[in-house]
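Residue-level structure breakdown
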There are 2 protein chains.
Amino acid sequence: MTRPDWLAPWQQDRSWRTSLSGDLPAAVLVTLMLIPQSLAYAMLAGVPAHIGLAASILPLVAYALFGRSPALAVGPVAITSAMTASALAPLATPASAEWMALAALLALLSGAVLFVMGLLRLGFIANLLSHPVMGGFISGAAVLIILGQCASLVGVRVTGESALTLAWNLLGALPKSNPASLTMGLACLLGLVLTRRYAGPLLSRLGLTGIARDILSKAAPLLILVIAALLVKALHLEDEVQTVGQIPAGFSSLGLAPGAPEIWLGALSALFPSALLIAVVGFVESVSMARAIAERRPTALDPNAELRGLGAANLASGLSGAFPVTGGLSRSIVNLEGGAMTPMAGVYSAGLMLLVLLGFGQMLSSLPLTALAALVIVAVATLIDIRLVKRLLKYDRVDALSWLLALCGVLLLGVEAGILSGIAVSIAGLLWRQSRPHMAILGRIPGTEHFRNLSRHAVETRPGLLMVRIDADLFFGNWDHIQSTLLDWLHVQPSPVRRLILSMGSVSDIDSTALEGLEHFENTLQTQGIALALAELKGPLEDKLRRTGFYDRCNVFRSNQDAFLAPFSAY
Amino acid sequence: MTRPDWLAPWQQDRSWRTSLSGDLPAAVLVTLMLIPQSLAYAMLAGVPAHIGLAASILPLVAYALFGRSPALAVGPVAITSAMTASALAPLATPASAEWMALAALLALLSGAVLFVMGLLRLGFIANLLSHPVMGGFISGAAVLIILGQCASLVGVRVTGESALTLAWNLLGALPKSNPASLTMGLACLLGLVLTRRYAGPLLSRLGLTGIARDILSKAAPLLILVIAALLVKALHLEDEVQTVGQIPAGFSSLGLAPGAPEIWLGALSALFPSALLIAVVGFVESVSMARAIAERRPTALDPNAELRGLGAANLASGLSGAFPVTGGLSRSIVNLEGGAMTPMAGVYSAGLMLLVLLGFGQMLSSLPLTALAALVIVAVATLIDIRLVKRLLKYDRVDALSWLLALCGVLLLGVEAGILSGIAVSIAGLLWRQSRPHMAILGRIPGTEHFRNLSRHAVETRPGLLMVRIDADLFFGNWDHIQSTLLDWLHVQPSPVRRLILSMGSVSDIDSTALEGLEHFENTLQTQGIALALAELKGPLEDKLRRTGFYDRCNVFRSNQDAFLAPFSAY
C-alpha cells in the first residue's frame, strides 16, 4: 500500500510533536464523549453495551488508514444504530447470539459495499440525497429514536415501526412504568441538559481555561453515567433497574462470536438491501460532515476516499463482531474544535478506547440502561432541525416539500421505508425540475451583438426568424418538454417562421435519446418549410455532433449574431 | 365529463363520412392483426386465448374516451404480457382460476396507478427510462420471450427466469419434443416469415392495389392460424397437438370470474410492485409510439392524457377479467399508415373484435398453441434492435453501455429485476453526467464584449481576476464538483486572485443545498481575501437570491463586461 496522502502535508511542515499537541488533546475530548455514546448507541442497535466499545477501536484505525478527512470522528452513531436495529428486528431477538452475528454481518456487508463503491469511484452517489431530504429523514429518525428511548427511560419495552404505533404502545405501557428507573432516567436527563448548557461557563467562572476546562465539560456525560452506576451499586438497585450486566472480559469481546458464519449464510440476501441503505445513509451523513471539515482545514474533500475509509471502518467493525459505524456529527465537531489536524487523532482515540475496554470493562456491569437512554435522548434531540425548514420555506418551496415528505416518510413508515421514500422524492424532484428546463426567445439588444430574453429586455427581432436559447443539456428527460415548447412558440409567431435558430451556448451535451428527438424534429420542420439552425455550439459538443448525419442537415453558425444576420437564401 | 379534445379538430374540418373513410379502413387492418396477436399474447400472459379477445374490446373504447393519440392501437402487447406471466408465476398456476383473477387484478392495479399518475400530471416519469435503456430492455425481453415460445413450438413446457436457465431447460427438454407440434410450428413460422416479406409485392404483381391489397396482406397471419386450426380438425390432431380447447361462449367470457375479489385481498401488496413496473414500462413504450405518431399527425403529445387513457384502458381490461394492456408498436404503425386520424379507430376495432368474440369464438377451440407460438416469435423478433447499438457506439458510449447493461440485466435476472436495474442504470447515468457539469474559465475576445472559453479561444484576461462560467443549474448533485473545480482553478492561477466572478448566464436555478454550499464557499473565499462576484444572473434566479443574505454579501454585475472592468477598490 502507498503511504496515506494525509501523511504528506503533516511530515512536510509538522513534526510528530506538533501533531501530538493538536491531535492528542482532540482525541482525549472525543474519547470522553465516545465512551458513553458508544455504550448508548450499542443499546440502540440492540447489542450489549460493551460491543459499542468494540465498535470504537479497530474501525477508527481502519478509517485512519484509508480515509482522508482530517477530523471526521468515526464510530457508532445514532441513525445507523437505529437502522441496524430496524433491519434486524424481523430476523432475530435483540441481544441474542444470532442478533449479534447478524449485526456484525450488516457491518461487513455495508463495509464491502462502501469499499467497492470507493474503488469504483462512485462517490457521486452522495448526490442521491439532497440536504432537505437528508434533513427531513434525520429529524424524523431522531423523533423515532427518542420515542423508543422514552420506553427505556420509564423502564418498559415497546416496539413499533412507525412513530404513531410507537407513541401509542408507549402510552399503553406507561401504567407499567418502573418508578426507580424513571426517577434515575429523569435525573440523568436533567443532569445532561444542565451540564451541556452550563458546565462550560461555570468552569470558566471557576477560573478553569483551555484544555482543562474543555476536558472537564466534555467528560460531564461520562461522569453522570459513572455516578448512576455507583448509585445502583451503593443502593443495591440491580433488581429494580435494568443494568448492562455481566460482560466478557478484555480482548474476548473483540472478535466474531463462534458460529456466526453459519448464521450469515441464511441471512445474506435478506440483509443486503438494509446494508445498502445503511451504507448510503452513513456515507451521506459522513460526507456532509467531512465537507464542513474540509472548509476549516486545508484539505480537499474526496468522496471516493471517504467511501474507502468508511468501508474499511465497517469491515473492521464487522470483524470485531460489532455493528455498522460511520462518521458522527457531534464528535466530529468536538474533534475539529479540539484541534485535530489528521486522521491520526482517530488512532489515539482507538488506543484510549482499548485501555478503557481492557481496564474498565468490568465496571460497566452496574450501569443502568435508563441513564444510557437519557444520553441518547439528549444527543439525538439536537438532530431535530426546525430552523432548516424555516429557511427552506423562505427560499425554495420544492425543497421545503421534500423535507416534509422525507420527515413524514420516516415517521409513518419507519426508518428503512422512510429513507427509500426520501431517495425517491429526491430523484423525482430532480427529474421534475430537469424535465422542464428554462428556455427563452432571444432578440438583439439594439446596437450590440448581445442577445437577451425577449420578455425581459427591449430587443429587436427579425420577421421569419425565431431564435431560442435552451438553458440545459439535452437528454432523455427534457427533450419532450423542449420540443413541445418549441412547437408552441412556432405556432404563435405573428409571421410564418422560415428559420428556427437554437442558441446552444448553455448546452454542453446532447444524449442519444435527445439527438434522435432532434433528428425527428428537424424532419418535421423541413416538411413545414422551416430550416433548423444551430448557433454558439460548444467545441466538445460540436465534435460529437459532427459524427452524425444530423450535423450536416443543419446550418451551423458560430455566433448568434451570424445566425441572426445570415440571409434566408443561404438555405 | 367534457367532450374529448380530439373531437374538436375532427368536427371542425371533417365530417363523420371522411372519418369513416380514414379511421374505419385502418381499424379493419388493425383488427386483422389484433385477432391473432391478442390470442397469442394471452397465451404469453398465461391466460386462455379467448381472454385476449376480451382484452381487446372495452380497453380500446376506454382509451378512446380518455387518451389523445390519434393512432395509438391499444391492446395486449408482448412485453407487458410477458411481464404479467413473470409477476404471477410465484403466486399461482398458469390458466387456473386464481391466475386469471390475479391477472385481472394486475390490470386494475396498473390502471389505477396510471390513471392517478395522469391526474397528478406525473407524465414526466416517462423520463425514468432513457431510449438506450428501454431499447436494451425490450431486446432482452424479446430474447426471453422467444426462448419461452420455442418451448411451445416444440411442444414441451419449460420454465426459468433468466435466459441462461431457459435455454438450458429448453435444451434438456428437446428430446421430449412432439414431432407433430414441431412440424406444424415450423410450417407456420415459415409461412409467417414468407408472407410478411412477400405477400405485399406478390399481391401487387397480381394486380391488387390499395386497401384490398393491404387487407389481404395484413390478414395473412390470421389466415395461417385458420389454416392451422382447420388442419388440426381435418387430420384429427387434437390428441397430438396442444390446442386452445373449449372456451365459454359469447359475452360470458367478458367479465370478472366469480370469487376474484376474495383472491385479490391476499395478493394486493404482493402484486403492487409488479403492477407499478408494468404500468411504467407500458407507459414508456406507448409514449414513444405516441411521440412518433404525433410527428405524423397534427397533434401535440400530452403524456398526462396518455397516462389517463392507458389507465382507463387497463381498468377496463381488469373489469373485463383480462390482463394488462398498453399501446402496441406494430399495430400502431399499421393504424397510422392505414390512415387513422382519431382514437375513433380504436372504437371501430373494438366493435369488430366484439363481433369476432360473439360470432367466431367457438372456432378457436382447435387452434394449435404451436401456431400461436410461431406468431409470437415472428412478432417479437422485430423488437430486437441491433442497429440501435451500432448507432449508440458511434455517437455516445455511455448510452451504448446503458443499452448493454439493460440487456444483460433482463437476460440474466429476468424481466422484473431487469427493468428495475435498467431504471437504476438510467438514473445513475443521469446523476453521474449531471454531477460533473461543464465549466470554463472565460476571457474577453479582444475588441469585443464577448467572453469565451480561455482554452479554446484567443482571449485577454486580467491579473487578480478569475472569471468562470458554469453551464448547469446548481443543485445538490453537482455543487461538490463545482466547488472543488473552482478551488483547483483558484490554486493554479499564476497571480493571487482577488476577485472570483461566476458568470451565471447558463444557470437558471440554485437549489437550497447548492445555496448553502455557495454561502460556505463565499465565507471560505473571504478568509482568503477573495471577493465573490456574480455576473449575468437571470431574472427569476436573481429574484430568488434576493430573498437570501448571500445576495447582499456578493457583488452582482449585470454583464460579464461590467464585472471584468470594475475596479478592485469597488469591494
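Check the entry above for the structure.
Below, the structure is looked at part by part.

Cut-off values and rules
- Residues numbered from 1 in each chain as written.
- Chains lettered and ligands numbered in written order.
- Predicted model: local features only at pLDDT ≥ 70, side-chain atom pairs only at ≥ 80, totals over all residues.
- Heavy atoms only, no water.
- Helix = DSSP H or I, 4+ residues; strand = E, 2+ residues; numbered from the N terminus.
- Buried < 20%, exposed > 50% of the residue type's maximum accessible area, 1.4 Å probe, protein only.
- Contact = heavy atoms within 4.5 Å.
- Areas by Shrake-Rupley, 256 points an atom, 1.4 Å probe, with all protein chains shown as cover.
- Polar contact = N/O pair within 3.5 Å; in protein donor to acceptor, adjacent residues only side chain to side chain.
- Axes fitted to C-alpha atoms, helices over the stretch in contact; angles between N-to-C directions.
- Parallel < 35°, antiparallel > 145°, perpendicular 65-115°, else oblique.
- Left-handed = near helix turned anticlockwise from the far one by under 90°.
- Nonpolar A, V, L, I, M, F, W, Y, C, P; charged D, E, K, R; others polar.
- Pairing = 2+ DSSP bridges.
- Salt bridge = Lys/Arg side-chain N within 4 Å of Asp/Glu carboxyl O.
- Least-squares fit on C-alpha atoms with pLDDT ≥ 70 in both.
- Phe/Tyr/Trp six-rings, centres within 6.5 Å; stacked < 30°, edge-to-face > 60°.
- Lys, Arg positive; Asp, Glu negative; His and termini not counted.

Summing up its helical and strand segments, chain A has 24 helices and 8 strands in all. Projecting the C-alpha coordinates of chain A onto the three principal axes gives extents of approximately 100 × 60 × 55 Å. Here chain A holds 571 residues, and 59% of them are scored as buried. Put simply, of all contacts in chain A between residues at least 6 apart along the chain, 80% involve residues at least 24 apart. Accessible area of chain A: about 23200 Å², with a carbon and sulfur share of 64%.

Moving on: the side chain of N178(A). Residues and elements named next belong to chain A. Inspection of the secondary structure assignment puts N178 in the loop between α8 (163-173) and α9 (179-205). Note on N178: relative accessible area 19%, which makes it buried. A distance of 3.0 Å separates a polar atom in the side chain of N178 from the backbone nitrogen of A180.

Another point: the packing of helix α6 (residues 97-119) of chain B against helix α13 (residues 303-319) of chain B. When two helices pack together, their arrangement is given by the angle between the helix axes and the distance between those axes. All names here are of chain B. At a closest axis distance of 7 Å, the pairing of α6 and α13 adopts a crossing angle of 155°. Here α13 runs roughly antiparallel to α6, going by the angle between their axes. Pair α6 / α13 crosses with left-handed handedness. Contact residues: A104, A107, L108, S110, G111, A112, L114, F115, M117, G118 and L119 in α6; N304, L307, R308, L310, G311, A312, N314, L315, S317, G318 and L319 in α13. A per-class count over the contact of α6 with α13 returns 13 nonpolar, 8 polar and 1 charged.

For the rest of this paragraph, the subject is the sheet that holds strand β6 (residues 499-503) of chain B. All names here are of chain B. On the basis of which strands lie adjacent, the open sheet formed by 6 strands has the order β4-β3-β5-β6-β7-β8 and mixed pairing. Two strands bound the open sheet, and with one partner strand each, they are β4 (451-453) and β8 (555-557). Between one strand axis and the next, the sheet turns by 35° as a mean value, whatever way the strands run. In the sheet, strand β7 (residues 531-535) pairs with β8 via 3 bridges, with the strands oriented parallel. Paired with L534 across the two strands is V556, which belongs to β8. Its contacts with the sheet put helix α20 (residues 479-491) on β3 (439-444), β5 (465-470) and β6, and the angle it makes with β3 is roughly 45°. Sheet contacts for helix α21 (residues 512-527): β6 and β7; angle to β7, the most-contacted strand, approximately 135°.

Residues and elements named next belong to chain A. Here 6 strands make up an open sheet; going across it, the order is β4-β3-β5-β6-β7-β8 and the pairing mixed. Two strands in the sheet have a free side with no partner beyond their single neighbour: β4 (451-453) and β8 (555-557). Direction aside, the axes of adjacent strands within the sheet are offset by 35° on average. Sheet analysis places strand β3 (residues 439-444) next to strand β5 (residues 465-470), joined by 3 bridges and oriented antiparallel. Paired with M439 across the two strands is I470, which belongs to β5. Sheet contacts for helix α20 (residues 479-491): β3, β5 and β6 (499-503); angle to β3, the most-contacted strand, approximately 45°.

Moving on, we come to the pattern of salt bridges. Counted under the stated rule, the structure contains 20 salt bridges over all chains. D509(A) is paired through a salt bridge with K544(A); the nearest N and O atoms lie 2.7 Å apart. Here D509(A), found in the loop between β6 and α21 (512-527), pairs with K544(A), found in helix α22 (residues 539-546); they are 35 residues apart in sequence, far enough to count as distant. Comparing D509(A) with K544(A) shows no difference in burial state: the two are buried. Linked through salt bridges whose partners overlap, the residues forming this network are D396(A), D509(B) and K544(B).

What follows is about the interface of chain B and chain A. Taken together, the 59 residues of chain B in the interface contact 59 residues of chain A. In this assembly, chain B and chain A are joined by 6 salt bridges. D471(B) is the salt-bridge partner of K538(A), the closest N and O atoms lying 2.3 Å from each other. Of all the elements, helix α19 (residues 415-434) of chain B adds the most residues to the side of chain B that touches chain A, at 8 residues. The residue makeup of the side of chain B that touches chain A, split by class, is 19 nonpolar, 19 polar and 21 charged.

Once chain B is rotated about the relating axis by 180° and shifted along it by 0.0 Å, it coincides with chain A to within an RMSD of 0.1 Å. Between the two chains, the operation in question is that of a two-fold axis. When each C-alpha of chain B is compared by its distance to the rotation axis, S506(B) comes out closest, at 2.6 Å.

What follows covers the packing of aromatic side chains. In total, this model carries 8 aromatic pairs over all chains according to the counting rule given. Residues W479(A) and F521(A) carry aromatic rings whose centres are separated by 5.8 Å and whose planes lie at 75° to one another, so their mutual orientation is edge-to-face. Of the two residues, W479(A) sits in helix α20 while F521(A) sits in helix α21, which places them 42 residues apart along the sequence. Here the two residues W479(A) and F521(A) agree in accessibility, since each one is buried. When the ring of F66(B) is compared with that of F115(B), the centres are 5.5 Å apart and the planes differ by 80°; the resulting orientation is edge-to-face. Of this pair, F66(B) sits in helix α4 (residues 58-66) while F115(B) sits in helix α6; the two residues are 49 residues apart in sequence, bridging distant segments of the chain.

All names here are of chain B. Looking at the element boundaries, R499 is found in strand β6. It is D562 that comes nearest to the buried, bridge-free R499 among opposite-charge side chains, at 10 Å. For R499, the side chain forms a polar contact with the main-chain oxygen of A563, separated by 2.7 Å.

Residues and elements named next belong to chain A. Although it is not a glycine, R121 adopts a positive phi angle of roughly 55°. Examined against the element boundaries, R121 turns out to sit in the loop between α6 (97-119) and α7 (131-154). Look at R121 and you get exposed, because its relative accessible area is 51%.

Next up on the list: the pairing of β6(A). In regular strands, side chains alternate between the two faces of the sheet. Residues and elements named next belong to chain A. Of all 5 residues in β6, 5 are buried; the element is thus mostly enclosed. Burial of β6 is two-sided: the residues R499, I501 and S503 facing one way and the residues L500 and L502 facing the other way are all buried. Bridge count for β5 against β6 is 5 bridges, and the pairing is parallel. Note that in β6 the partner of L465 across the bridge is R499.

As a further point, take the environment of S130(A). As for its placement among the helices and strands, S130(A) is situated in the loop between α6 and α7. The buried category is assigned to S130(A), whose relative accessible area is 2%. Separated by 50 residues in the primary sequence, S130(A) and T80(A) have C-alpha atoms spaced 18 Å apart. Those residues in contact with S130(A) that lie beyond four places of it in its chain are S426(A), F476(B) and T513(B).

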